[in-house]
Amino acid sequence: MKVHLLTFLFVLLLLTLAACQIEGTRPKMRIGYMNCNSEPETLKRFGALNAYLSRETGIDFELVPVDTQDFVERFAAGEFEFTHTNSLLYLILRKEQQLRLLATEKRGRYGSSTSSSIIVRRDSPIKSIDDLRGKRMIFGPQLAPSGFLTSYDLLLSRGFDPEKELSYYAIPAGSFKHEKVIYAVYFGEFDAGAAPSLDLELMIGDGKISADDFRVLAESPIVPYCTFGARDSVDPALAEKFRQALITLTPETLVEFNGEKIKVMASAWVDGYETLADSDYDGLRAMAKRANMPPYQVY
Amino acid sequence: MLPIDGFQKLIGLAIAVCLLGLLGLLMTAPAAQHQTVTVNKTLERQLRDQARAAYLERIYQPVAELRRAGQIAEALLMLDELKRQYPQEGLGELLTGELLMERQVPRQAIEHFYNAVRLDGDFVDRKSARNRHAQLSQLVEAQLPQALERQRQNPEPGAEQQVKQLYYLQSRLAGGCE
């Protein structure tokens, strides 16, 4: 009887150990998150989402904050298996590294899309794109679709070549470049700016600026917003599990993170994820070609 | 039993007349009062609706002006500003939906129309001066087949939610309740 009991307890212990994967024994992988504004913000913003993805897929994901300019190089060096980038980086990684499209982020009034607005101060004498000739303009980071490419292409589509017709244009340095663009116009440092429409929407919503402060000369067509992708060597079943975890997120989804139960979507500042087709990025591809931007630049 | 004299009979008769008079008053008075209250409530509601409509027209005037001038992007930003001040106002959501339709992004407009009707049933009430029955019917007719197709191709929560929102609008347009 005693032997039977001991055997039963031993089997029970083995089963318990087998059922419960110890943290250290779970597979490890890395997700490269493009820094939208700064590295501390990326770590704070995506920590809970990363923990959620780890829980749902059974993989211990390491959150790797990556500077936009370094992203392609670090991905090519094999530093991470999954990516969270803007849609232009997705295009580059798709073309050069066969990145697999997983899901697109939804935020703001255009959902999984975004656009840029060319703004001037409300009291500016500049009333149209033609009036920008000989003026000083500030753009967002060069690899930002709604901070640079879509505005640049918008100007080209109106017959205005920024390289020849602006007296000068600049891109701010350091972190929070999009906000710097908006404030640079607000404080009169530049005559005009290329601002992501989402940032204008959010900053007005937060009361940082007022709609009355600016005039919008033109708004670009919408293009896909931030995008999750997977390296083509990732097991398709795992990639699908990852995608399912993203698209089934709801505002009520909770995750244990740093000893707290946190709402995943609110913590990551997103309204959800949805599946787009690669062809939904064709409009952005056409813009990159017209603007002679990566991955289609010709020297 | 004590004998009853003429004076006592007179007093008894006067009391009976008073009681009958009071009974008559009690039976007629409440009906008259109720009518007065109904009239006042109707008047009050009409005054309130009119004042609200006039006030909303005034606060959304800048949006209307920008829209007339074709400044859709600025009108949308102005709505963001107003949404911060009046987050539960259906008209802001409705105008956002209309502007997004003008911007030719109907998929993004659906949620705003849905929010608008949830916040303010007048937009689907044919009797209301503020109703957008025809416009919303057109939206549902055009977008529902497309949303169902998207859901068929990508059966995921986002697509399902949009179908639900369109069904909700369809139901409210048909006279269904919240």
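So, here is what we can say about the structure in this document. Keep in mind that what you see is a predicted model, and the values were worked out from it rather than measured.

Counting residues in hydrophobic clusters, the biggest one holds 54 residues, and the most contacted among them are Ile119(A), Ile182(A), Tyr60(B) and Val63(B). Top contributing element to this core by residue count: helix 3 (residues 72-85) of chain B, with 8 residues. Ignoring sequence-local partners within four residues, the contact set of Tyr60(B) consists of Leu79(B), Leu82(B), Glu89(B), Leu91(B), Gly92(B) and Leu95(B). If you look at the next biggest cluster of nonpolar residues, it comprises 42 residues, including Met34(A), Ile92(A), Ile118(A) and Ile126(A).

With that settled, consider a nonpolar patch on the surface. Together, Phe7(B), Leu10(B), Ile11(B), Ile15(B), Leu19(B), Leu22(B) and Leu25(B) give the surface a local cluster of nonpolar side chains, amounting to about 760 Å² of exposed area. Tracing the backbone through its elements, the reader meets Ile15(B) in helix 1 (residues 6-59).

A separate point is the pairing of strand 2 (residues 60-66) of chain A. For strand 2 of chain A, the tally of buried residues reaches 6 of 7 residues, placing the bulk of the element in the interior. Traced from strand 1 (residues 28-34) of chain A through helix 2 (residues 39-57) of chain A to strand 2 of chain A, the parallel crossover comes out right-handed.

A separate point is helix 5 (residues 106-119) of chain B. With 14 residues, helix 5 of chain B should reach 20 Å at 1.5 Å per residue; the first-to-last C-alpha distance of 20 Å fits that figure. Looking only at helix 5 of chain B, the buried set comprises Gln108(B), Ala109(B), Ile110(B), His112(B), Phe113(B), Tyr114(B), Ala116(B) and Val117(B). On its buried face, helix 5 of chain B is in contact with strand 5 (113-114) of chain A together with helix 3, helix 4 (90-102), helix 6 (133-153) and helix 7 (157-173) of chain B.

This next bit is on a negative patch on the surface. Residues Glu39(A), Asp67(A), Asp70(A) and Glu73(A) make up a contiguous surface patch of negative charge. Structurally, the position occupied by Glu39(A) is in helix 2.

Analysis parameters
Residues numbered from 1 in each chain as written. Chains lettered and ligands numbered in written order. Predicted model: local features only at pLDDT ≥ 70, side-chain atom pairs only at ≥ 80, totals over all residues. Heavy atoms only, no water. Core = buried A, V, L, I, M, F, W, Y, C linked by side-chain atoms within 4.5 Å. Buried < 20%, exposed > 50% of the residue type's maximum accessible area, 1.4 Å probe, protein only. Helix = DSSP H or I, 4+ residues; strand = E, 2+ residues; numbered from the N terminus. Contact = heavy atoms within 4.5 Å. Patch = residues over 30% accessible without salt bridge, like charges linked within 9 Å, V, L, I, M, F, W, Y side chains within 5 Å. Areas by Shrake-Rupley, 256 points an atom, 1.4 Å probe, with all protein chains shown as cover. Salt bridge = Lys/Arg side-chain N within 4 Å of Asp/Glu carboxyl O. Right-handed = clockwise from strand over helix to strand, strands pointing away. Expected span 1.5 Å × (residues − 1). Lys, Arg positive; Asp, Glu negative; His and termini not counted. Charge placed at Lys NZ, Arg CZ, Asp CG, Glu CD.

Everything listed here is a matter of coordinates, which is why it stays silent on function.
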